Amino acid sequence: GSGALRDALARQLGISPDQIVVGNGADELITLIALAAFEPDDEIVMPHPSFEPYATGANIAGARTVQSPLAGYETDLGDMRRRVTPRTKAIFLCSPHNPATTIIRRHALLAFLDALGDDSPLVVLDEAYRDFVDDPEYPDGVSLLARYPRLLVLRTFSKIAGLAGLRVGYAIASLETIDRLNRVRAPYNVNRLGQVAALASLDDPEHAARTRTFVLQERAYLSAALERRGIAFAPSQANFMLVRVSDPGRVRDRLLRGGILVRDGAAVGFPGHLRITVGTREINERLLKLLDE
Ligand SMILES: Cc1ncc(COP(=O)(O)O)c(C=O)c1O
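Because the structure is predicted, anything quoted here is derived from the model rather than measured.

## A look at the pattern of salt bridges
Right, on to step 1. This model, assessed by the stated rule, comprises 18 salt bridges.
Right, on to step 2. With its nearest N and O atoms 2.6 Å apart, the salt bridge here joins R83 to D79.
Right, on to step 3. R130 is the salt-bridge partner of E127, the closest N and O atoms lying 3.4 Å from each other.
Right, on to step 4. Residue E127 is classed as buried on the basis of its relative accessible area, which comes to 2%.
Right, on to step 5. Its relative accessible area of 23% is what places R130 among the partly exposed residues.
Right, on to step 6. Within the structure, one salt-bridge network assembled from shared partners comprises E127, R130, D131, D140 and R155.

Structure, rendered in structure tokens:
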């Protein structure tokens, strides 16, 4: 499936197309990983909170989720490592993290992967928001595959290319891991329109660069403006921000009446916060004005 798209991705990434499986969004790939690899009583280690489908995938397969609390807004790799046992089938890492917006830096990730050793469980590194990172210490997951054969990198066209509704994501891993995923994948899992759109986006790097520049600029603008107001927030490397507010329900309603829809952090494991997408300058200014009221 998705042959032309896999070929184009493989050329861009400098790997074999057989190391790529395309999914109906990265979401489907999380489910396929669970279907392909998880069995009842397996333990699946993940940060808490984190992107909900990791736990859903484990539940579908009857596996047990083992939750590692974030340290503030950061993934606590030391804690995650301590939760790995011989029953651990997989570990989920999310960088930039949804909803905490922080990244796992190169040095910490390599030390974590090294500590897992040759007998490592599958390590899923979800890089859905990678295109919005400007921290120079952010590692490129795909370049680590040769050294860490149990690594699986998840990426998507939903964020940087804005194709969320067309549902195209992909996993990059060893030939063996990808073969396992293909055994549980429906043969026509990704619609043709989505494939064509994803190919077009690969053909248009200027659009991706413009989107990235725009998000980085507006994220910096919002961050500085929040800081000036003494409003606390996680240092974001994503295209959204996790902002601390004293009465999220009330502030969310006020923003909604002003035409801005944000997520109550309580719904994604961060009570006392709002998850706010980085908008255009006009919308960001409106947001700040509403926060000031
Ligand atoms: C961390 C993370 N991973 C994966 C996804 C799934 O993306 P897709 O639209 O490709 O299913 C999302 C989307 O919200 C996400 O936040």
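The structure having been displayed, the exposition proceeds.
## Observations concerning the domain arrangement of the chain
Right, on to step 1. The domains assigned to the chain are domain 1 (3-202) and domain 2 (205-292).
Right, on to step 2. Inter-centroid distance (C-alpha atoms) of domain 1 to domain 2 is 26 Å.
Right, on to step 3. Contacts between domain 1 and domain 2 engage 21 residues on the former and 24 residues on the latter.
Right, on to step 4. For the pair domain 1 and domain 2, the summed buried surface comes to about 1800 Å²; carbon and sulfur atoms form 59% of the total.
Right, on to step 5. It is Y73, T101 and F132 in domain 1 that bury the most area against domain 2; as a group they hold 38% of the surface buried on that side.
Right, on to step 6. Seen at the junction of domain 1 and domain 2, the total is one salt bridge.

Calculation notes
- Residues numbered from 1 in each chain as written.
- Predicted model: local features only at pLDDT ≥ 70, side-chain atom pairs only at ≥ 80, totals over all residues.
- Heavy atoms only, no water.
- Salt bridge = Lys/Arg side-chain N within 4 Å of Asp/Glu carboxyl O.
- Buried < 20%, exposed > 50% of the residue type's maximum accessible area, 1.4 Å probe, protein only.
- Domains from an automatic or database assignment.
- Contact = heavy atoms within 4.5 Å.
- Buried area = accessible area lost by both parts, 1.4 Å probe.

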